[in-house]
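Structure assessment
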Amino acid sequence: MNYNIVIHKEKGNYCFQLWYCGKQAMGNSKFYESRSLCIKGFEDFKNWIIKNDIHDECNFLKLNKISDRKFIYQFVDENNEILYTSRIIETKTNCRNSMISTCKNIIKAKVKDLK
């Protein structure tokens, strides 16, 4: 498995990031007040994906065009709160493929500290 979850601290808050082979973050979750809440948020997020059978574009997973050749995808809950946002991806096809890959790989990923 080449995917890991890294807990990232920024301005005193924490988010979880899906990393591929430790090379780059594929996206960021919403922010949490502590590392432990972030890890719990990640576990809740995985369970939410499984419970809602999220695996492709749907009401909870949106593909958005930012500008010409720049796209992101976002996981949103039933209240339209953003739970996770991808990095910027060139081309709609690549963004859609990454979105599908994230659905599959984030539920298998484990929290790991990068060295």
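What comes next concerns the included structure. It should be emphasised that the depicted structure is a prediction, and the values quoted were computed from it without experimental measurement.

**Describing unusual backbone geometry**
- With a phi close to 50 degrees, Asp 53 is a non-glycine residue in the positive phi region.
- Among the secondary structure elements, Asp 53 is positioned in the loop between helix 1 (35–51) and strand 4 (61–67).
- A residue is classified by how much of its surface remains accessible, and Asp 53, at 54% relative accessible area, is exposed.
- In this structure, Arg 69 takes a positive phi of about 65 degrees despite not being glycine.
- Along the chain, Arg 69 falls in the loop between strand 4 and strand 5 (70–76).

**Things to note about the nonpolar core**
- Residues Phe 16, Phe 45, Phe 75, Tyr 84 and Ile 106 are the most contacted members of the largest nonpolar core, which totals 28 residues.
- The element that contributes the greatest number of residues to this core is helix 1, accounting for five residues.
- Other than its neighbours up to four places away in sequence, Tyr 84 contacts Phe 16, Leu 18, Met 26, Gly 27, Asn 28, Ser 29, Phe 45, Tyr 73, Gln 74, Phe 75, Thr 102 and Ile 106.

**Topic: the sheet that holds strand 1 (residues 3–10)**
- With mixed pairing, seven strands are arranged side by side in an open sheet as 4-5-6-3-2-1-7. Looking at strand neighbours, the two that pair on one side only are strand 4 and strand 7 (110–111), the edges of this open sheet.
- When strand 2 (residues 13–20) meets strand 3 (residues 24–29), the two strands line up antiparallel, connected through four bridges. Each residue of the ladder has a partner; that of Trp 19, found in strand 3, is Ala 25.
- Contacting strand 1, strand 2, strand 5, strand 6 (82–86) and strand 7, helix 1 crosses the sheet at an angle of about 50 degrees to strand 2.
- Lying over the sheet, helix 2 (residues 92–106) contacts strand 1, strand 2, strand 3, strand 4, strand 5 and strand 6, oriented at roughly 30 degrees with respect to strand 5.

**Considerations on the environment of Ile 54**
- Tracing the backbone through its elements, the reader meets Ile 54 in the loop between helix 1 and strand 4.
- In the structure, Ile 54 is positioned 26 residues away from Asn 80 in sequence and 15 Å away in space, judged by C-alpha atoms.
- Not counting residues up to four positions away in its chain, the partners in contact with Ile 54 are Trp 48, Ile 49, Phe 60, Leu 61, Phe 75 and Cys 103.

Each value, and the rule that gives it
- Residues numbered from 1 in each chain as written.
- Predicted model: local features only at pLDDT ≥ 70, side-chain atom pairs only at ≥ 80, totals over all residues.
- Heavy atoms only, no water.
- Helix = DSSP H or I, 4+ residues; strand = E, 2+ residues; numbered from the N terminus.
- Buried < 20%, exposed > 50% of the residue type's maximum accessible area, 1.4 Å probe, protein only.
- Core = buried A, V, L, I, M, F, W, Y, C linked by side-chain atoms within 4.5 Å.
- Contact = heavy atoms within 4.5 Å.
- Pairing = 2+ DSSP bridges.
- Axes fitted to C-alpha atoms, helices over the stretch in contact; angles between N-to-C directions.

Worth remembering: the numbers are spatial, not functional.
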